[in-house]
Amino acid sequence: GGDYDYLIAAYPPFLKHVVDALDERGFDWSSTRVYGAVGGEAMTEAMRDYLERRLVKVRSGYGASDIQIGIAGETDLSVWVRKQLVARPDVRAALLGDGEQRIPMVFQYNPLENYIEINGDGEAVVTLNNMSVLSPKLRYNVGDEGLTMKRLEVLRRLEALGVLDPRAPRPPSWAAPFFFLYGRRDGTVSYMGANIYPIDVEYGLYRDESLAAAIESFCLELVESESLESRPVVHVQLRAGARVDKNEATERLRRGLVEYLASANRDFAESLREDPAAAELRLLLHDHGTGPFTGIPDKIKNTYVVRPS
């Protein structure tokens, strides 16, 4: 009914599945206020924009089952900062460092509850300061790569770029430091000197809104050809019952993905300049439950990189 606010908590791909399934049933979004809370894996701004066509707001949280679920969370301010990272290379350089191509998740956290340090390998080391935690953790390393920055320092750097007017009121948010999270260090496929991250592939695939609704999931694989050249393959699984022109959809998705990687990944763009054949990134479209997705049991968390057996 319309007298309540509803909150759906899920992994991002599952929340998308719920939205797409309700769309197919003709659900009246205008009469119901539905919010989304996601976690467990990164979410792109392309995914957020797609979901917020229907949902009032979607926010992500950071946690780990072997530490605790509520280490950090998105705020309106942190989401706004992340959108600046997507839109402006100068903001990426100012906040993340020169040459950084990746777009991290952007959270804020309470250091009196969860104290986050960054070790020499760029990994987050978390100490729980909450006395109510059943199993305390001291300097626990779950293997996530990231960096931290004071809130005032983030705002100062944005003011220096003219993104924020120093005379304007500060964006509303509690005075908590920022945590920029890249994710697990080994979640990549290397190709032509460039690291391709699943989150960048998601940006590229979901740029085309007309095709995004037909996508169930995807995964990456490095395949060695008969000429012994290794090329990345992006496997895309269609939703059950999705109807698309496979040849046209494959080319549109592949072209959009290459264009996005060339714009967002400096190493990939450089490899294109040196060898145009680098654009021969393969994309294979699979019916639901076929190809590399055959026999995979229903899971709430996707596997994004397929390693050679």
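Below you will find a few notes about this structure. Source: prediction; values computed, not measured.

**Structural notes on the overall build of the protein**
If you tally the helices and strands in the protein, you get 9 helices and 15 strands. Computed over its C-alpha atoms, the radius of gyration of the protein comes to 20 Å, within 12% of the 19 Å expected for a compact globule of 309 residues. Judged by the C-alpha coordinates and their principal axes, the protein covers about 55 × 55 × 45 Å. Within the structure as shown, the protein displays about 15,800 Å² of accessible surface, and the carbon and sulfur contribution to it stands at 51%. Put simply, the protein has 37 plus and 46 minus side-chain charges, and the middle of one group is 4 Å from the middle of the other.

**Regarding helix H4 (residues 89-96)**
The complete set of buried residues in H4 reads Val 91, Arg 92, Leu 95 and Leu 96. For H4, the angular spread of the buried residues around the axis is 100 degrees, confining them to a single face. Buried residues belonging to H4 abut helix H3 (76-87), strand E8 (140-149), helix H5 (151-160) and strand E9 (178-184).

**Quick notes on the pattern of salt bridges**
For the structure shown, the criterion picks out 27 salt bridges. One salt bridge connects Asp 20 with Lys 16, and the closest N-O pair in it is separated by 2.7 Å. Linking Asp 20 with Lys 16, this pair stays in helix H1 (residues 12-24), spanning 4 residues, or about one helical turn. Accessibility expressed as a relative area gives 3% for Asp 20, which makes it buried. Lys 16 sits in the buried class, given a relative accessible area of 2%. Between Glu 45 and Arg 48 there is a salt bridge, and its shortest N-O distance comes to 2.8 Å. Taken as a pair, Glu 45 and Arg 48 lie in helix H2 (residues 45-51) at a separation of 3 residues, close to a single helical turn. Neither residue differs from the other here; Glu 45 and Arg 48 are each classed as buried. If you follow the salt bridges from partner to partner, you end up with Glu 45, Arg 48, Asp 49, Glu 74, Arg 82 and Lys 83 in one network.

**Side note on helix H8 (residues 246-264)**
Between its terminal C-alpha atoms H8 stretches 26 Å, which fits the 27 Å expected from 19 residues at 1.5 Å a residue. Turning to H8, its buried residues are Ala 249, Thr 250, Leu 253, Gly 256, Leu 257, Val 258, Tyr 260, Leu 261 and Ala 264. Measuring from the backbone nitrogen of Asn 247 back to the side-chain oxygen at the start of H8 gives 3.2 Å, which picks out Asp 245 as the cap.

**Overview of the packing of H3 against H4**
Interaxial distance between H3 and H4 falls to 5 Å at its minimum, and their mutual angle equals 120 degrees. By the angle between their axes, H3 is oblique relative to H4. Of the residues in H4, those touching H3 at Val 81, Gln 84, Leu 85, Val 86 and Ala 87 are Pro 89, Val 91, Arg 92, Leu 95 and Leu 96. Considering only residue class, the contact of H3 with H4 consists of 8 nonpolar, 1 polar and 1 charged.

**Digging into the nonpolar core**
Grouped together as the largest cluster of nonpolar side chains are 64 residues, with contacts concentrated most on Leu 51, Val 81, Leu 95, Phe 180 and Leu 205. Per-element tally for this core: the top contributor is H8, with 7 residues. Residues within four places of Phe 180 in sequence aside, it is in contact with Val 81, Leu 85, Leu 95, Leu 96, Pro 104, Met 105, Val 106, Glu 145, Gly 146, Leu 147, Met 149 and Val 154.

**As for the packing of aromatic side chains**
Scanning all chains against the criterion turns up 6 aromatic pairs. Look at Tyr 203 and Tyr 260: their rings are 5.4 Å apart centre to centre, the planes differ by 20 degrees, and that puts the pair in the stacked class. With Tyr 203 in helix H6 (residues 198-205) and Tyr 260 in helix H8, the pair connects residues that are 57 residues apart, well separated along the chain. For the pair formed by Tyr 203 and Tyr 260, the shared burial category is buried.

**Remarks on the packing of H6 against H8**
Put simply, H6 and H8 touch, their axes get as near as 8 Å, and they point 125 degrees apart. Here H8 runs oblique to H6, going by the angle between their axes. Here H6 runs over H8; the crossing is right-handed. Contact residues: Asp 200, Val 201, Tyr 203, Gly 204 and Leu 205 in H6; Leu 253, Gly 256, Leu 257, Tyr 260 and Leu 261 in H8. Of the residues contributing to the contact of H6 with H8, the split by class is 7 nonpolar, 2 polar and 1 charged.

About the cut-offs
- Residues numbered from 1 in each chain as written.
- Predicted model: local features only at pLDDT ≥ 70, side-chain atom pairs only at ≥ 80, totals over all residues.
- Heavy atoms only, no water.
- Helix = DSSP H or I, 4+ residues; strand = E, 2+ residues; numbered from the N terminus.
- Rg over C-alpha atoms; globule rule 2.2 N^0.38 Å.
- Areas by Shrake-Rupley, 256 points an atom, 1.4 Å probe, with all protein chains shown as cover.
- Lys, Arg positive; Asp, Glu negative; His and termini not counted.
- Charge placed at Lys NZ, Arg CZ, Asp CG, Glu CD.
- Buried < 20%, exposed > 50% of the residue type's maximum accessible area, 1.4 Å probe, protein only.
- Arc of directions from axis to C-beta.
- Contact = heavy atoms within 4.5 Å.
- Salt bridge = Lys/Arg side-chain N within 4 Å of Asp/Glu carboxyl O.
- Expected span 1.5 Å × (residues − 1).
- Polar contact = N/O pair within 3.5 Å; in protein donor to acceptor, adjacent residues only side chain to side chain.
- Axes fitted to C-alpha atoms, helices over the stretch in contact; angles between N-to-C directions.
- Parallel < 35°, antiparallel > 145°, perpendicular 65-115°, else oblique.
- Nonpolar A, V, L, I, M, F, W, Y, C, P; charged D, E, K, R; others polar.
- Core = buried A, V, L, I, M, F, W, Y, C linked by side-chain atoms within 4.5 Å.
- Phe/Tyr/Trp six-rings, centres within 6.5 Å; stacked < 30°, edge-to-face > 60°.
- Left-handed = near helix turned anticlockwise from the far one by under 90°.

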